[in-house]
Amino acid sequence: MLRKTLVGLGLMGMLSSEARGEDQTSYTDLSRPELNKMVQERSTVLTDSNFKKEIFDYDGAAIILFDSTCNKTENADTIDRNMEIVYLGLMDTFDSTQVNKLPLKFAYMDGCKFKGNNAQTYIGLDVTTTEIHMYLDGREIDRARGGPLTEKGISA
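Here the structure is a predicted model, which is why all the values come from computation and not from measurement. (Residues numbered from 1 in each chain as written. Predicted model: local features only at pLDDT ≥ 70, side-chain atom pairs only at ≥ 80, totals over all residues. Heavy atoms only, no water.)

(A) Just the confidence of the model for the protein, in detail. For the protein, the mean per-residue pLDDT works out to 81, and 76% of the residues sit at or above 70. Considering only residues more than four positions removed or in separate chains, one finds that residues 7–22, a stretch of pLDDT under 50, has 29 contacts. (pLDDT = per-residue confidence, 0-100. Contact = heavy atoms within 4.5 Å.)

Have a look at this one:
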């Protein structure tokens, strides 16, 4: 559904790194902390204090990766790592995309910073796992939960 929404908005011609001649294998060689650092450096890091301004009040399109740096299981950490690779690939592919004459905003929110239900309660989101949300003009238009369990699933 997220892919359909991106296509519908004209944001996505191809998700593959070959579209721009980039090699995603370099991301798969990185550790989870290295990947997370790159995601945070290249995106708007969201908190309960800036979420409204950065997402709800933004008149363009925004894609948010929700994951956690304090997972309790290896499986959850693997999914988050793989989604960070996918997310970096999206950033590479769509770094110059504009919607409503504004840049496509890539944002990141670390669930580890919101122990308990703080993020769900304060922001009004129902985020319980690794998710990617897409917003247009401050309204959520799509959501995808989970992620690839293996590196093979990253390219799919």
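(B) Representation of helix α3 (residues 32–42). Burial in α3 covers these residues: R32, L35, N36 and V39. Considered in projection along α3, the buried side chains sweep an arc of 95° and stay on one side of the axis. Exposed and oriented more than 90 degrees from the buried face of α3 are P33, K37 and E41. (Buried < 20%, exposed > 50% of the residue type's maximum accessible area, 1.4 Å probe, protein only. Helix = DSSP H or I, 4+ residues; strand = E, 2+ residues; numbered from the N terminus. Arc of directions from axis to C-beta.)

(C) Layout of the sheet that holds strand β5 (residues 105–110). Pairing in this open sheet of 5 strands is mixed, and the strands run β1-β5-β2-β6-β7 from one edge to the other. Strands with a single pairing partner mark the edges of an open sheet, and in this sheet they are β1 (44–45) and β7 (139–145). The pairing of strand β2 (residues 61–67) with β5 spans 6 bridges and is classified as parallel. Considered in β5, the bridge of I64 is made with A107. Those strands touched by helix α5 (residues 74–94) are β2, β5 and β6 (131–136), and its axis lies near 160° from that of β2. (Pairing = 2+ DSSP bridges. Axes fitted to C-alpha atoms, helices over the stretch in contact; angles between N-to-C directions.)

(D) Spatial organisation of the pattern of salt bridges. Counted by the stated rule, this structure contains 12 salt bridges. Of the charged contacts in the structure, one is a salt bridge between D92 and R42, with a shortest N-O distance of 2.9 Å. With D92 in helix α5 and R42 in helix α3, this residue pair connects regions lying 50 residues apart in the sequence. Classification of D92 by relative accessible area gives buried; the value is 12%. By relative accessible area, R42 is classed as partly exposed at 35%. Between D57 and K52 there is a salt bridge; the shortest N-O distance is 3.1 Å. Overall, the relative accessible area of 43% leaves D57 in the partly exposed class. Looking at K52, the relative accessible area reads 53%, which means it is exposed. Look at the salt bridges and you will find they share partners, linking R32, D67, D77, D80 and E84 into a network. (Salt bridge = Lys/Arg side-chain N within 4 Å of Asp/Glu carboxyl O.)

(E) Expanded view of the packing of α3 against α5. Axis separation between α3 and α5 bottoms out at 10 Å; the angle between their running directions is 40°. One finds that α3 runs oblique with respect to α5. In this structure, the crossing between α3 and α5 has a hand that is left-handed. On α5, the residues that touch R32, L35, N36, M38, V39 and R42 of α3 are D77, D80, R81, E84, I85, Y87, L88, M91 and D92. When its residues are assigned to classes, the contact of α3 with α5 shows 7 nonpolar, 1 polar and 7 charged. (Parallel < 35°, antiparallel > 145°, perpendicular 65-115°, else oblique. Left-handed = near helix turned anticlockwise from the far one by under 90°. Nonpolar A, V, L, I, M, F, W, Y, C, P; charged D, E, K, R; others polar.)

(F) Here's a closer look at the packing of aromatic side chains. Scanning the entire structure with this criterion turns up 4 aromatic pairs. Ring geometry for F51 versus F56: centroids 5.1 Å apart, planes at 65°, classification edge-to-face. By relative accessible area, which is 33% here, F56 ends up partly exposed. Between Y87 and F106 the ring centres are 5.7 Å apart and the planes differ by 80°, which places this aromatic pair in the edge-to-face class. Of this pair, Y87 sits in helix α5 while F106 sits in strand β5, and the two are 19 residues apart along the sequence. The residues Y87 and F106 share a single accessibility class, namely buried. Every member of this aromatic cluster is reached through a ring pair, and the members are F51, F56 and Y135. The cationic tip of K105 hangs over the ring face of Y58; the distance from NZ or CZ to the ring centre is 4.1 Å. (Phe/Tyr/Trp six-rings, centres within 6.5 Å; stacked < 30°, edge-to-face > 60°. Lys NZ or Arg CZ within 6 Å of the ring centre and 35° of its normal.)

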